[in-house]
Amino acid sequence: MQPFDYLIPGDHAEASALLAAGNGRVRPFMGGTDLLIRTRGGFVRPQAVVDLKGLPGMKEIRPGDDGWLIIGAACTMNQVAMHPLVQARYDLLVQACNSVASYQLRNRATIGGNCCNASPAADTAPALYCLEAVAEIYGPQGIRRIPIAQFFVGPGKTALRSGEFLTSLHLPPSPQDARGVFNKLGRTKMGDISVVSVAVYRRSGRLADPTAPATGEWRIALGAVGPTPLRAAEAEAALMQDTSPAGIRVAAALAAAAARPIDDIRASAAYRRAMVAVLARRGIEAVLADLSAARAQLPAAGGAS
Amino acid sequence: MNHTLHFTVNGEPYEIVAASHHTLLQVLREQLALTGTKNGCEAGECGACAVLIRWPGADRFEPVNSCMVLAPEVAGAEIVTIEGLAHDDQLDPLQEAFIVTGATQCGFCTPGILINARALLDRNPDPSDAEIRAALVGNLCRCTGYIRILDAVKMAARTRKEALR
(Lines give C-alpha, C1' and ligand atoms only; values in the text may rest on other atoms or scores of the structure.)
Protein backbone atom coordinates (compact mmCIF):
# COMPACT_ATOMS: atom_id res chain seq x y z
CA MET A 1 0.00 0.00 0.00
CA GLN A 2 1.35 3.42 -0.82
CA PRO A 3 2.16 5.47 2.30
CA PHE A 4 -0.37 7.74 3.94
CA ASP A 5 -0.65 9.40 7.33
CA TYR A 6 -3.06 8.28 10.04
CA LEU A 7 -4.67 11.10 12.01
CA ILE A 8 -6.86 11.05 15.11
CA PRO A 9 -8.88 14.27 15.37
CA GLY A 10 -9.46 15.76 18.81
CA ASP A 11 -13.04 16.76 18.10
CA HIS A 12 -15.65 17.09 15.35
CA ALA A 13 -14.43 20.53 14.28
CA GLU A 14 -10.85 19.32 13.84
CA ALA A 15 -12.03 16.30 11.85
CA SER A 16 -14.05 18.56 9.60
CA ALA A 17 -11.14 20.97 9.12
CA LEU A 18 -8.75 18.13 8.27
CA LEU A 19 -11.16 16.72 5.70
CA ALA A 20 -11.87 20.12 4.15
CA ALA A 21 -8.19 21.06 3.93
CA GLY A 22 -7.37 17.69 2.38
CA ASN A 23 -9.48 18.50 -0.65
CA GLY A 24 -10.35 14.85 -1.33
CA ARG A 25 -6.86 13.52 -0.59
CA VAL A 26 -7.67 13.20 3.10
CA ARG A 27 -10.18 10.43 3.63
CA PRO A 28 -12.47 9.67 6.53
CA PHE A 29 -11.59 6.28 7.99
CA MET A 30 -13.83 3.98 10.02
CA GLY A 31 -13.68 0.21 9.47
CA GLY A 32 -11.44 0.54 6.43
CA THR A 33 -13.00 -2.48 4.74
CA ASP A 34 -13.62 -0.52 1.58
CA LEU A 35 -11.01 2.24 1.76
CA LEU A 36 -8.06 -0.11 2.33
CA ILE A 37 -9.06 -2.32 -0.60
CA ARG A 38 -9.43 0.67 -2.91
CA THR A 39 -6.14 2.15 -1.69
CA ARG A 40 -4.31 -1.14 -2.28
CA GLY A 41 -5.82 -1.27 -5.74
CA GLY A 42 -4.62 2.25 -6.49
CA PHE A 43 -8.17 3.51 -7.08
CA VAL A 44 -7.75 6.12 -4.37
CA ARG A 45 -4.48 7.66 -3.21
CA PRO A 46 -5.05 9.29 0.15
CA GLN A 47 -2.38 11.52 1.65
CA ALA A 48 -3.91 10.84 5.02
CA VAL A 49 -6.83 9.10 6.66
CA VAL A 50 -8.77 10.63 9.54
CA ASP A 51 -9.98 8.01 12.00
CA LEU A 52 -13.45 9.18 13.05
CA LYS A 53 -14.25 6.23 15.31
CA GLY A 54 -13.05 7.89 18.51
CA LEU A 55 -15.21 11.01 18.21
CA PRO A 56 -17.99 11.24 20.81
CA GLY A 57 -21.11 9.29 19.87
CA MET A 58 -19.66 7.65 16.79
CA LYS A 59 -19.70 4.17 18.32
CA GLU A 60 -22.85 4.59 20.39
CA ILE A 61 -26.38 3.26 19.99
CA ARG A 62 -28.80 5.21 22.13
CA PRO A 63 -32.49 6.08 22.35
CA GLY A 64 -33.37 9.50 20.99
CA ASP A 65 -36.48 11.57 21.71
CA ASP A 66 -40.00 10.33 20.92
CA GLY A 67 -39.07 6.70 20.38
CA TRP A 68 -36.32 7.32 17.83
CA LEU A 69 -33.10 5.30 17.88
CA ILE A 70 -29.71 6.89 17.15
CA ILE A 71 -26.96 4.71 15.74
CA GLY A 72 -23.45 6.19 15.59
CA ALA A 73 -21.94 6.05 12.13
CA ALA A 74 -18.91 4.05 13.31
CA CYS A 75 -20.96 1.25 14.89
CA THR A 76 -19.93 -2.04 13.36
CA MET A 77 -22.39 -4.32 11.62
CA ASN A 78 -22.11 -6.82 14.48
CA GLN A 79 -22.61 -4.10 17.07
CA VAL A 80 -25.81 -2.95 15.35
CA ALA A 81 -27.12 -6.48 14.73
CA MET A 82 -26.53 -7.58 18.34
CA HIS A 83 -27.85 -4.49 20.08
CA PRO A 84 -31.01 -5.14 22.14
CA LEU A 85 -32.70 -1.88 21.07
CA VAL A 86 -32.10 -2.69 17.40
CA GLN A 87 -33.21 -6.28 17.84
CA ALA A 88 -36.36 -5.20 19.66
CA ARG A 89 -37.77 -2.98 16.91
CA TYR A 90 -35.61 -3.07 13.80
CA ASP A 91 -35.23 -6.71 12.89
CA LEU A 92 -35.10 -5.70 9.23
CA LEU A 93 -31.86 -3.84 9.92
CA VAL A 94 -30.51 -6.81 11.90
CA GLN A 95 -31.10 -9.05 8.87
CA ALA A 96 -29.39 -6.56 6.58
CA CYS A 97 -26.33 -6.13 8.82
CA ASN A 98 -25.98 -9.90 9.22
CA SER A 99 -26.03 -10.37 5.45
CA VAL A 100 -22.81 -8.37 5.02
CA ALA A 101 -19.68 -10.40 4.21
CA SER A 102 -18.41 -12.56 7.10
CA TYR A 103 -18.57 -12.42 10.90
CA GLN A 104 -15.03 -11.13 11.29
CA LEU A 105 -15.49 -8.51 8.59
CA ARG A 106 -18.69 -7.38 10.31
CA ASN A 107 -16.49 -6.64 13.31
CA ARG A 108 -14.78 -3.97 11.17
CA ALA A 109 -17.33 -2.81 8.61
CA THR A 110 -19.46 0.07 9.90
CA ILE A 111 -23.04 1.04 9.10
CA GLY A 112 -21.93 4.61 8.37
CA GLY A 113 -19.18 3.43 6.06
CA ASN A 114 -21.69 1.29 4.22
CA CYS A 115 -23.72 4.44 3.51
CA CYS A 116 -20.75 6.72 2.78
CA ASN A 117 -19.32 4.39 0.13
CA ALA A 118 -22.69 4.84 -1.53
CA SER A 119 -22.55 1.58 -3.38
CA PRO A 120 -25.96 0.90 -4.93
CA ALA A 121 -25.44 -2.62 -3.54
CA ALA A 122 -24.88 -1.43 0.06
CA ASP A 123 -26.62 -4.12 2.07
CA THR A 124 -27.92 -1.92 4.87
CA ALA A 125 -29.35 0.66 2.46
CA PRO A 126 -32.65 -1.02 1.50
CA ALA A 127 -33.43 -1.54 5.19
CA LEU A 128 -32.53 2.08 6.01
CA TYR A 129 -34.70 3.27 3.08
CA CYS A 130 -37.66 1.21 4.35
CA LEU A 131 -37.18 2.50 7.89
CA GLU A 132 -36.88 6.05 6.49
CA ALA A 133 -33.71 6.69 8.44
CA VAL A 134 -32.36 10.21 8.75
CA ALA A 135 -28.65 10.86 8.21
CA GLU A 136 -27.03 13.33 10.61
CA ILE A 137 -24.10 15.16 9.08
CA TYR A 138 -21.45 17.30 10.75
CA GLY A 139 -19.66 19.94 8.73
CA PRO A 140 -18.23 23.45 8.61
CA GLN A 141 -21.75 24.89 8.88
CA GLY A 142 -22.64 22.72 11.85
CA ILE A 143 -25.08 19.83 11.95
CA ARG A 144 -27.69 19.04 9.32
CA ARG A 145 -30.07 16.14 8.89
CA ILE A 146 -31.36 14.69 5.63
CA PRO A 147 -33.46 11.66 4.70
CA ILE A 148 -31.35 8.63 3.80
CA ALA A 149 -32.84 8.67 0.29
CA GLN A 150 -31.25 12.11 -0.24
CA PHE A 151 -27.92 10.96 1.20
CA PHE A 152 -27.33 8.53 -1.67
CA VAL A 153 -26.82 10.62 -4.81
CA GLY A 154 -25.27 8.19 -7.30
CA PRO A 155 -22.85 5.29 -7.49
CA GLY A 156 -20.12 6.19 -4.98
CA LYS A 157 -21.62 9.65 -4.52
CA THR A 158 -23.24 11.04 -1.39
CA ALA A 159 -24.72 14.36 -0.39
CA LEU A 160 -21.64 15.03 1.78
CA ARG A 161 -19.94 18.32 0.93
CA SER A 162 -16.38 19.38 1.57
CA GLY A 163 -15.48 19.01 5.24
CA GLU A 164 -18.64 17.09 6.07
CA PHE A 165 -18.93 13.58 7.52
CA LEU A 166 -21.74 11.29 8.62
CA THR A 167 -22.09 11.18 12.39
CA SER A 168 -25.17 9.01 12.93
CA LEU A 169 -28.28 7.44 11.53
CA HIS A 170 -31.56 8.25 13.22
CA LEU A 171 -34.31 5.63 12.99
CA PRO A 172 -37.92 6.74 13.41
CA PRO A 173 -39.99 4.71 15.88
CA SER A 174 -40.91 1.30 14.50
CA PRO A 175 -44.15 0.00 16.04
CA GLN A 176 -44.29 -3.36 17.71
CA ASP A 177 -46.47 -4.75 14.93
CA ALA A 178 -44.06 -3.74 12.17
CA ARG A 179 -42.38 -6.54 10.27
CA GLY A 180 -39.60 -6.53 7.71
CA VAL A 181 -37.77 -9.04 5.59
CA PHE A 182 -34.50 -8.55 3.70
CA ASN A 183 -33.61 -10.88 0.84
CA LYS A 184 -30.50 -10.70 -1.27
CA LEU A 185 -28.92 -12.70 -4.03
CA GLY A 186 -25.16 -13.04 -4.35
CA ARG A 187 -22.98 -15.47 -6.27
CA THR A 188 -22.83 -17.51 -3.07
CA LYS A 189 -25.52 -18.12 -0.48
CA MET A 190 -23.75 -16.06 2.15
CA GLY A 191 -21.03 -13.50 2.38
CA ASP A 192 -21.01 -12.14 -1.15
CA ILE A 193 -21.84 -8.68 -2.48
CA SER A 194 -25.46 -8.30 -3.58
CA VAL A 195 -26.38 -8.89 -7.19
CA VAL A 196 -29.85 -7.73 -6.27
CA SER A 197 -31.55 -7.15 -2.92
CA VAL A 198 -35.05 -6.29 -1.76
CA ALA A 199 -36.27 -5.13 1.63
CA VAL A 200 -39.98 -5.32 2.45
CA TYR A 201 -41.38 -3.57 5.51
CA ARG A 202 -44.93 -3.44 6.81
CA ARG A 203 -46.21 -1.10 9.49
CA SER A 204 -49.40 -2.97 10.05
CA GLY A 205 -51.49 -0.80 12.30
CA ARG A 206 -54.07 -3.55 12.54
CA LEU A 207 -52.30 -6.52 14.02
CA ALA A 208 -55.06 -7.17 16.51
CA ASP A 209 -57.90 -6.97 14.00
CA PRO A 210 -57.22 -8.25 10.51
CA THR A 211 -60.73 -7.35 9.38
CA ALA A 212 -60.21 -3.63 10.03
CA PRO A 213 -59.62 -1.45 6.98
CA ALA A 214 -56.04 -1.46 5.75
CA THR A 215 -53.99 1.10 7.60
CA GLY A 216 -50.33 1.70 8.11
CA GLU A 217 -47.90 1.36 5.26
CA TRP A 218 -46.06 -1.05 3.03
CA ARG A 219 -42.55 -0.07 2.06
CA ILE A 220 -40.31 -1.78 -0.47
CA ALA A 221 -36.70 -0.81 -1.23
CA LEU A 222 -34.43 -2.25 -3.90
CA GLY A 223 -30.65 -2.61 -3.85
CA ALA A 224 -28.10 -3.03 -6.65
CA VAL A 225 -30.66 -2.28 -9.38
CA GLY A 226 -30.10 1.44 -9.94
CA PRO A 227 -27.58 4.23 -9.42
CA THR A 228 -28.78 4.44 -5.82
CA PRO A 229 -31.00 2.21 -3.71
CA LEU A 230 -34.62 2.79 -4.76
CA ARG A 231 -38.09 2.75 -3.24
CA ALA A 232 -40.82 1.00 -5.25
CA ALA A 233 -43.70 3.39 -4.55
CA GLU A 234 -46.22 1.89 -6.96
CA ALA A 235 -45.68 -1.57 -5.57
CA GLU A 236 -46.16 -0.18 -2.06
CA ALA A 237 -49.44 1.49 -3.05
CA ALA A 238 -50.69 -1.65 -4.75
CA LEU A 239 -50.17 -3.70 -1.61
CA MET A 240 -52.30 -1.30 0.39
CA GLN A 241 -55.18 -2.29 -1.90
CA ASP A 242 -54.59 -6.00 -2.33
CA THR A 243 -52.44 -8.59 -0.60
CA SER A 244 -54.12 -11.63 -2.17
CA PRO A 245 -51.80 -13.96 -4.10
CA ALA A 246 -52.81 -12.11 -7.28
CA GLY A 247 -52.19 -8.76 -5.59
CA ILE A 248 -48.75 -9.91 -4.46
CA ARG A 249 -47.88 -10.86 -8.05
CA VAL A 250 -48.97 -7.43 -9.25
CA ALA A 251 -46.92 -5.69 -6.56
CA ALA A 252 -43.85 -7.82 -7.34
CA ALA A 253 -44.16 -6.90 -11.02
CA LEU A 254 -44.46 -3.22 -10.10
CA ALA A 255 -41.33 -3.53 -7.95
CA ALA A 256 -39.47 -5.02 -10.93
CA ALA A 257 -40.74 -2.15 -13.09
CA ALA A 258 -39.32 0.34 -10.60
CA ALA A 259 -35.83 -1.14 -10.93
CA ARG A 260 -33.29 0.61 -13.15
CA PRO A 261 -30.65 -2.09 -13.41
CA ILE A 262 -27.53 -2.22 -15.58
CA ASP A 263 -25.55 -5.08 -17.09
CA ASP A 264 -22.29 -5.57 -15.26
CA ILE A 265 -19.76 -8.21 -14.29
CA ARG A 266 -22.11 -9.78 -11.76
CA ALA A 267 -25.39 -10.01 -13.68
CA SER A 268 -27.37 -8.77 -16.64
CA ALA A 269 -29.98 -6.05 -16.26
CA ALA A 270 -32.71 -8.45 -17.41
CA TYR A 271 -31.75 -11.02 -14.78
CA ARG A 272 -31.65 -8.39 -12.06
CA ARG A 273 -35.10 -7.09 -13.00
CA ALA A 274 -36.56 -10.59 -13.04
CA MET A 275 -35.04 -11.34 -9.64
CA VAL A 276 -36.48 -8.15 -8.12
CA ALA A 277 -39.92 -9.62 -8.79
CA VAL A 278 -38.95 -12.92 -7.18
CA LEU A 279 -37.33 -11.38 -4.09
CA ALA A 280 -40.18 -8.88 -3.69
CA ARG A 281 -42.76 -11.67 -3.84
CA ARG A 282 -40.83 -13.77 -1.33
CA GLY A 283 -40.39 -10.79 0.95
CA ILE A 284 -44.06 -9.82 0.87
CA GLU A 285 -45.13 -13.41 1.50
CA ALA A 286 -42.67 -13.73 4.39
CA VAL A 287 -43.89 -10.48 5.97
CA LEU A 288 -47.52 -11.60 5.66
CA ALA A 289 -46.64 -14.98 7.18
CA ASP A 290 -44.81 -13.23 10.04
CA LEU A 291 -47.80 -11.00 10.71
CA SER A 292 -50.24 -13.86 10.64
CA ALA A 293 -48.04 -15.86 13.04
CA ALA A 294 -47.89 -12.84 15.36
CA ARG A 295 -51.66 -12.51 15.15
CA ALA A 296 -52.12 -16.16 16.06
CA GLN A 297 -50.16 -15.55 19.26
CA LEU A 298 -52.41 -12.73 20.41
CA PRO A 299 -54.98 -13.44 23.11
CA ALA A 300 -58.15 -14.99 21.63
CA ALA A 301 -60.21 -11.78 21.90
CA GLY A 302 -58.10 -9.92 19.36
CA GLY A 303 -56.77 -12.79 17.32
CA ALA A 304 -59.87 -14.71 16.29
CA SER A 305 -59.50 -15.07 12.56
CA MET B 1 4.35 9.01 9.52
CA ASN B 2 5.46 6.69 12.33
CA HIS B 3 3.63 5.77 15.51
CA THR B 4 5.05 4.37 18.72
CA LEU B 5 2.59 1.74 19.87
CA HIS B 6 2.06 -0.28 23.01
CA PHE B 7 -0.06 -3.42 22.86
CA THR B 8 0.03 -7.06 23.85
CA VAL B 9 0.21 -10.13 21.66
CA ASN B 10 -0.51 -13.50 23.27
CA GLY B 11 -0.08 -11.88 26.65
CA GLU B 12 3.35 -10.39 25.88
CA PRO B 13 3.64 -6.61 25.97
CA TYR B 14 5.24 -4.98 22.94
CA GLU B 15 6.44 -1.50 22.12
CA ILE B 16 7.01 -0.98 18.42
CA VAL B 17 7.27 1.82 15.90
CA ALA B 18 4.95 1.29 12.93
CA ALA B 19 4.13 3.28 9.82
CA SER B 20 0.63 4.73 9.43
CA HIS B 21 -0.18 2.72 6.34
CA HIS B 22 1.03 -0.62 7.65
CA THR B 23 -1.56 -3.16 8.73
CA LEU B 24 -1.71 -5.26 11.85
CA LEU B 25 -1.00 -8.22 9.58
CA GLN B 26 2.27 -6.64 8.44
CA VAL B 27 3.28 -5.79 11.99
CA LEU B 28 2.65 -9.35 13.19
CA ARG B 29 4.46 -11.05 10.34
CA GLU B 30 7.24 -8.61 9.48
CA GLN B 31 8.05 -6.86 12.75
CA LEU B 32 7.14 -9.49 15.36
CA ALA B 33 7.97 -12.52 13.16
CA LEU B 34 4.68 -14.15 14.14
CA THR B 35 4.21 -15.78 10.76
CA GLY B 36 1.45 -18.20 11.78
CA THR B 37 -1.02 -15.49 10.72
CA LYS B 38 -1.16 -15.80 6.95
CA ASN B 39 -1.44 -13.21 4.19
CA GLY B 40 -3.94 -14.60 1.70
CA CYS B 41 -5.85 -11.91 -0.19
CA GLU B 42 -5.35 -8.63 1.70
CA ALA B 43 -8.96 -7.84 0.81
CA GLY B 44 -10.93 -9.20 3.75
CA GLU B 45 -12.22 -12.14 1.74
CA CYS B 46 -10.16 -15.21 2.67
CA GLY B 47 -9.84 -15.05 6.46
CA ALA B 48 -6.29 -16.45 6.55
CA CYS B 49 -5.14 -13.40 8.52
CA ALA B 50 -7.79 -13.60 11.24
CA VAL B 51 -6.68 -12.76 14.78
CA LEU B 52 -8.55 -12.17 18.02
CA ILE B 53 -8.51 -8.64 19.33
CA ARG B 54 -9.80 -6.98 22.49
CA TRP B 55 -10.00 -3.26 21.98
CA PRO B 56 -9.33 -0.98 24.95
CA GLY B 57 -12.49 -0.97 27.07
CA ALA B 58 -14.10 -3.93 25.28
CA ASP B 59 -15.33 -6.85 27.36
CA ARG B 60 -14.29 -9.66 25.05
CA PHE B 61 -12.05 -10.79 22.24
CA GLU B 62 -13.52 -10.66 18.75
CA PRO B 63 -12.08 -11.98 15.48
CA VAL B 64 -11.00 -9.53 12.79
CA ASN B 65 -9.11 -9.76 9.52
CA SER B 66 -5.73 -8.30 10.46
CA CYS B 67 -5.28 -7.08 6.87
CA MET B 68 -8.18 -4.70 7.56
CA VAL B 69 -6.72 -3.09 10.69
CA LEU B 70 -4.17 -0.30 10.49
CA ALA B 71 -1.20 -0.67 12.82
CA PRO B 72 -1.76 2.64 14.65
CA GLU B 73 -5.30 1.54 15.53
CA VAL B 74 -4.11 -1.24 17.84
CA ALA B 75 -2.56 1.04 20.44
CA GLY B 76 -3.61 -0.36 23.80
CA ALA B 77 -5.27 -3.45 22.33
CA GLU B 78 -4.79 -7.09 23.30
CA ILE B 79 -4.23 -9.49 20.44
CA VAL B 80 -4.25 -13.27 20.27
CA THR B 81 -2.74 -14.95 17.22
CA ILE B 82 -2.59 -18.61 16.28
CA GLU B 83 0.68 -18.81 18.24
CA GLY B 84 -1.28 -17.95 21.38
CA LEU B 85 -4.05 -20.53 21.06
CA ALA B 86 -2.19 -23.33 22.85
CA HIS B 87 -1.22 -22.96 26.48
CA ASP B 88 1.70 -24.62 28.29
CA ASP B 89 2.17 -27.20 25.53
CA GLN B 90 -1.54 -28.00 25.80
CA LEU B 91 -3.18 -27.63 22.41
CA ASP B 92 -6.56 -25.97 22.15
CA PRO B 93 -9.31 -28.60 21.74
CA LEU B 94 -9.83 -27.20 18.24
CA GLN B 95 -6.21 -27.85 17.31
CA GLU B 96 -6.49 -31.42 18.63
CA ALA B 97 -9.71 -31.94 16.70
CA PHE B 98 -8.20 -30.63 13.46
CA ILE B 99 -5.38 -33.17 13.81
CA VAL B 100 -7.65 -36.09 14.70
CA THR B 101 -10.19 -35.46 11.94
CA GLY B 102 -7.64 -34.56 9.26
CA ALA B 103 -9.22 -31.13 8.78
CA THR B 104 -5.94 -29.70 7.54
CA GLN B 105 -4.41 -30.30 4.14
CA CYS B 106 -2.05 -27.63 2.86
CA GLY B 107 -2.62 -25.75 6.10
CA PHE B 108 -2.53 -22.20 4.79
CA CYS B 109 -6.12 -21.40 5.82
CA THR B 110 -5.92 -23.36 9.08
CA PRO B 111 -4.69 -20.61 11.44
CA GLY B 112 -7.50 -18.27 10.39
CA ILE B 113 -10.09 -21.02 10.68
CA LEU B 114 -8.86 -22.02 14.14
CA ILE B 115 -9.03 -18.39 15.29
CA ASN B 116 -12.54 -17.91 13.94
CA ALA B 117 -13.76 -21.27 15.22
CA ARG B 118 -12.34 -20.44 18.65
CA ALA B 119 -14.28 -17.15 18.61
CA LEU B 120 -17.41 -19.05 17.58
CA LEU B 121 -17.14 -21.58 20.42
CA ASP B 122 -16.43 -18.81 22.91
CA ARG B 123 -19.68 -17.04 22.03
CA ASN B 124 -21.71 -20.16 21.21
CA PRO B 125 -20.42 -23.34 22.88
CA ASP B 126 -22.90 -25.61 21.11
CA PRO B 127 -23.25 -24.41 17.51
CA SER B 128 -25.40 -26.15 14.91
CA ASP B 129 -23.99 -27.14 11.52
CA ALA B 130 -25.62 -24.06 10.01
CA GLU B 131 -24.11 -21.82 12.69
CA ILE B 132 -20.63 -23.25 12.12
CA ARG B 133 -20.97 -22.74 8.37
CA ALA B 134 -22.21 -19.18 8.86
CA ALA B 135 -19.36 -18.38 11.26
CA LEU B 136 -16.76 -19.66 8.79
CA VAL B 137 -18.18 -17.98 5.67
CA GLY B 138 -15.18 -15.68 5.59
CA ASN B 139 -12.59 -18.47 5.73
CA LEU B 140 -11.76 -19.91 2.35
CA CYS B 141 -10.20 -23.37 2.10
CA ARG B 142 -9.30 -24.67 -1.35
CA CYS B 143 -8.19 -28.15 -0.24
CA THR B 144 -10.57 -29.86 2.12
CA GLY B 145 -14.09 -29.21 0.91
CA TYR B 146 -14.87 -28.09 4.48
CA ILE B 147 -16.54 -31.31 5.65
CA ARG B 148 -13.72 -32.34 7.98
CA ILE B 149 -13.42 -28.78 9.21
CA LEU B 150 -17.09 -28.94 10.25
CA ASP B 151 -16.42 -32.32 11.91
CA ALA B 152 -13.44 -30.88 13.76
CA VAL B 153 -15.35 -27.87 15.11
CA LYS B 154 -18.17 -30.16 16.31
CA MET B 155 -15.65 -32.49 17.94
CA ALA B 156 -13.95 -29.58 19.70
CA ALA B 157 -17.32 -28.30 20.94
CA ARG B 158 -17.99 -31.74 22.50
CA THR B 159 -14.51 -31.85 24.05
CA ARG B 160 -14.97 -28.42 25.58
CA LYS B 161 -18.36 -29.36 27.00
CA GLU B 162 -16.95 -32.54 28.54
CA ALA B 163 -14.08 -30.60 30.04
CA LEU B 164 -16.57 -28.32 31.76
CA ARG B 165 -18.62 -31.19 33.12
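Residues numbered from 1 in each chain as written. Chains lettered and ligands numbered in written order. Predicted model: local features only at pLDDT ≥ 70, side-chain atom pairs only at ≥ 80, totals over all residues.

*Asks:* I'm lost on the overall build of chain B in this one. Help?
*Replies:* Within chain B, the secondary structure is distributed over five helices and five strands. Along its sequence from the N terminus, chain B presents helices and strands in the succession β-β-α-β-β-β-α-α-α-α. Against the compact-globule benchmark of 15 Å for 165 residues, chain B has a radius of gyration of 16 Å, which places it among compact chains. Oriented by its inertia axes, the alpha-carbon framework of chain B measures out at about 45 × 35 × 25 Å. Taken across its 165 residues, chain B has 44% of its residues classed as buried. (Helix = DSSP H or I, 4+ residues; strand = E, 2+ residues; numbered from the N terminus. Rg over C-alpha atoms; globule rule 2.2 N^0.38 Å. Buried ≥ 20, exposed ≤ 12 C-beta atoms within 10 Å, placed from the backbone.)

*Asks:* Looking at this structure, I do not really get the overall build of chain A. What am I missing?
*Replies:* On a plain count of helices and strands, chain A comes out with 13 helices and 14 strands. A compact globule built from 305 residues would reach a C-alpha radius of gyration of about 19 Å, and chain A, at 20 Å, matches this within 12%. A buried classification covers 50% of the 305 residues belonging to chain A.

*Asks:* Can you walk me through the packing of helix α11 (residues 245-258) of chain A against helix α12 (residues 269-296) of chain A in this structure?
*Replies:* Helix-helix packing: each pair is described by the crossing angle between the helix axes and the interaxial distance. All names here are of chain A. Where α11 contacts α12, the axes come no closer than 8 Å and their chain directions differ by 140°. If you check the angle between α11 and α12, you find them oblique. Both α11 and α12 take part in a crossing whose hand is right-handed. The segment α11 lies against α12, with I248, R249, A251, A252, A253, A255 and A256 engaging R273, A274, V276, A277, A280, R281, I284 and E285. Class assignment for the residues of the contact of α11 with α12 results in eleven nonpolar, no polar and four charged. (Axes fitted to C-alpha atoms, helices over the stretch in contact; angles between N-to-C directions. Parallel < 35°, antiparallel > 145°, perpendicular 65-115°, else oblique. Left-handed = near helix turned anticlockwise from the far one by under 90°. Contact = placed C-beta atoms within 7 Å. Nonpolar A, V, L, I, M, F, W, Y, C, P; charged D, E, K, R; others polar.)

*Asks:* Just to check I follow, could you spell out the pairing of strand β13 (residues 217-223) of chain A for this structure?
*Replies:* Residues and elements named next belong to chain A. A large share of β13 lies buried, amounting to six of its seven residues. As paired elements, strand β12 (residues 196-203) and β13 share seven bridges and run antiparallel to each other. In the sheet register, V200 faces β13, and the bridge partner there is I220. Sheet analysis places β13 next to strand β14 (residues 230-231), joined by two bridges and oriented antiparallel. Across the sheet, the residue bridging to A221 is R231, located in β14. Turn length for the β13-β14 hairpin, with the two strands adjacent in sequence and antiparallel, is six residues, and the turn residue A224 shows positive phi of about 65°. (Pairing = 2+ DSSP bridges.)

*Asks:* So what exactly am I meant to see when it comes to the interface of chain A and chain B here?
*Replies:* Accessible area lost on assembly of the parts is the figure often given for the size of an interface. Contact residues are listed per partner, giving 20 residues for chain A and 22 residues for chain B. Each residue belonging to the side of chain A that touches chain B can be placed in one class, and the counts come to ten nonpolar, six polar and four charged.

*Asks:* Would you take a moment to explain the domain arrangement of chain B for this structure?
*Replies:* Residue and element names in this part refer to chain B. Examined at the domain level, chain B breaks down into domain 1 (2-84) and domain 2 (93-164). Listed as interface residues are 15 residues of domain 1 and, on the opposing side, eleven residues of domain 2. Broken down by secondary-structure element, the contributors of at least two residues to the side of domain 1 that touches domain 2 are β3 (50-54) and β4 (62-65). If one sorts the elements of the side of domain 1 that touches domain 2 by residue count, β3 sits on top with three residues. (Domains from an automatic or database assignment.)

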